[in-house]
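Results of the structural survey
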Amino acid sequence: MTTETTNRMDVTFRRLKEQGRAALIPFLTIGDPDLETSLAIIAELEAAGADIVELGVPYSDPLADGPVIQRASSRALRGNIHLRTCMETALKAREAGSKLPFILFTYYNPVLQMGLDTFFAELNHHEISGLIIPDLPVEEAEEMRSRSRDAGINLVPLVAPTSSERIAKIVSGANGFVYCVSSLGVTGERASFHEDVDRFIESVRQATDLPVAVGFGISTPEQVARFAKICDGVVVGSAIVRKIEEVIVLLEDPAKRAEGLLQIRDFVAQLRP
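Parameters at a glance
- Residues numbered from 1 in each chain as written.
- Predicted model: local features only at pLDDT ≥ 70, side-chain atom pairs only at ≥ 80, totals over all residues.
- Heavy atoms only, no water.
- Core = buried A, V, L, I, M, F, W, Y, C linked by side-chain atoms within 4.5 Å.
- Buried < 20%, exposed > 50% of the residue type's maximum accessible area, 1.4 Å probe, protein only.
- Helix = DSSP H or I, 4+ residues; strand = E, 2+ residues; numbered from the N terminus.
- Contact = heavy atoms within 4.5 Å.
- Axes fitted to C-alpha atoms, helices over the stretch in contact; angles between N-to-C directions.
- Left-handed = near helix turned anticlockwise from the far one by under 90°.
- Nonpolar A, V, L, I, M, F, W, Y, C, P; charged D, E, K, R; others polar.
- Salt bridge = Lys/Arg side-chain N within 4 Å of Asp/Glu carboxyl O.
- Expected span 1.5 Å × (residues − 1).
- pLDDT = per-residue confidence, 0-100.
- Polar contact = N/O pair within 3.5 Å; in protein donor to acceptor, adjacent residues only side chain to side chain.
- Phe/Tyr/Trp six-rings, centres within 6.5 Å; stacked < 30°, edge-to-face > 60°.

Regarding the nonpolar core
By size, the foremost hydrophobic cluster in this structure holds 70 residues, and its most contacted members are L104, F119, L131 and M144. Among the elements that make up this core, the one with the highest residue count is helix α5 (residues 83-95) (five residues). Setting aside chain neighbours within four positions, we find F119 in contact with L83, M87, L104, V111, M114, L131 and M144. Of all hydrophobic cores here, the second largest spans 23 residues; its members include M9, L16, Y59 and F105.

What about unusual backbone geometry?
In the segment running from D32 into P33, the intervening peptide bond is cis, with an omega of 5°. When you line up the elements, P33 lands in the loop between β1 (23-29) and α3 (35-47). For N80, which is not a glycine, the phi torsion comes out positive at approximately 65°. Mapped onto the secondary structure, N80 falls in the loop between α4 (67-78) and α5. Although it is not a glycine, F216 adopts a positive phi angle of roughly 80°. Its location among the elements puts F216 in the loop between β8 (212-215) and α11 (221-228). The exposure class of F216 is buried, given its relative accessible area of 7%.

Examining the packing of helix α7 (residues 116-125) against helix α8 (residues 142-151)
For the pair α7 and α8, the least separation of the axes is 10 Å and the interaxial angle reads 40°. Judged by the twist between their axes, the crossing of α7 over α8 is right-handed. Only E143, M144, R147, S148 and A151 of α8 make contact with α7, whose side of the interface consists of L116, D117, F119, F120 and N124. By residue class, the composition of the contact of α7 with α8 is five nonpolar, two polar and three charged.

So, the pattern of salt bridges
Opposite charge on two side chains permits them to pair, given that their charged atoms come into close proximity. If you walk through the whole model with that rule in mind, you get 15 salt bridges. Two residues, D51 and R21, come together in a salt bridge whose shortest N-O distance is 3.0 Å. Placement of the pair is D51 in the loop between α3 and β2 (53-56) and R21 in the loop between α2 (8-19) and β1, with a sequence separation of 30 residues. For the pair D51 and R21, one class covers both residues: buried. Across the salt bridge formed by R226 and D198, the nearest N and O atoms sit 2.6 Å from each other. Here the residue R226 occupies a position in helix α11, and D198 occupies one in helix α10 (residues 197-207), the gap between them amounting to 28 residues. Taking the relative accessible area as the measure of exposure, R226 reaches 33% and is therefore partly exposed. Taking relative accessible area as the criterion, D198 reaches 34% and is therefore assigned partly exposed.

Here's the deal with α5
In a regular helix each residue adds 1.5 Å, so 13 residues correspond to 18 Å; α5 covers 19 Å between its end C-alpha atoms and thus fits that length. Every buried residue of α5 is listed here: L83, T85, C86, M87, T89, A90, L91, A93 and R94. Residue G97 follows α5 closely and has a positive phi angle near 115°.

A few points about the confidence of the model for the protein chain
In this model, the protein chain carries an average pLDDT of 90, and 92% of its residues clear a pLDDT of 70 or more. In the model, residues 185-191 has pLDDT below 50 throughout and makes 29 contacts with residues more than four positions away in sequence or in other chains.

Remarks on the side chain of D32
Locating D32 in the fold gives a position in the loop between β1 and α3. Polar contacts involving the side chain of D32 include one to the side chain of R75, which spans 2.7 Å. The residues touching D32, leaving out its near neighbours within four places in the chain, are S38, I41, A72, R75, A76, V241, I244 and I248.

Re the packing of aromatic side chains
One pass over the full model with this rule turns up six aromatic pairs. Ring centres 6.0 Å apart and planes at 85° place the aromatic pair Y179 and F216 in the edge-to-face group. Linking Y179 in strand β7 (residues 178-181) with F216 in the loop between β8 and α11, this pair joins segments that are 37 residues apart in sequence. Assigned by exposure class, Y179 and F216 land together as buried. Through pairs of rings, three or more aromatic residues link up here, namely F27, Y59, F105 and Y107.

Shown next, in the form of structure tokens:
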């Protein structure tokens, strides 16, 4: 991995801090509805003003995914999309001109199946800056933390409102940024969030010098703006995946594909803080 790729995420957060705004971090499920379209959507996300992109690896037995992302994973899995495919998509996007930092969002079992040596070598080869593994508790994460540091990969931890006394332990070995879960349960669009979410985010801020991002359930421009005032980044997942689902008929029709991609771009552009 080049120095530029290794530092891509850090540079992004520093630049945004100087500009006085928070990062917009879209999530998409790679391979939904197909790989070629995922590559096109990444380009649309960048054109819409996204700052970092989470590349979701479709998984058949997810812990944190709500029904919208589960459906996207099912569609992607029917196309035989797997961990290596998603990594290859990152490099293809880079070769097509993308300058964005990419974060791989995957569960631990596919990582174990690939083997840690191969996994981190592939992350580097495919120019992936960060890694999120939602089913890896901090008590079992030391080897991944060590491997990530050695490989120059940002291992981003998830911190939930129920983490309380574990917050300091969770963020102590983090790099890149810390991901605050805005509400309890799985991903999905919400009208309201955990009642103490602001106090929770402030407690995370006090425990780390790293940028703090928030996600899970954030779906509207108003919600993005609300959290952008108190965080360094805002993750939007299910709302974008749902928008892709809504325009799949357009995306799969060569004559209407451009229209579907434009609708996705316009939707994401409205979210930008």
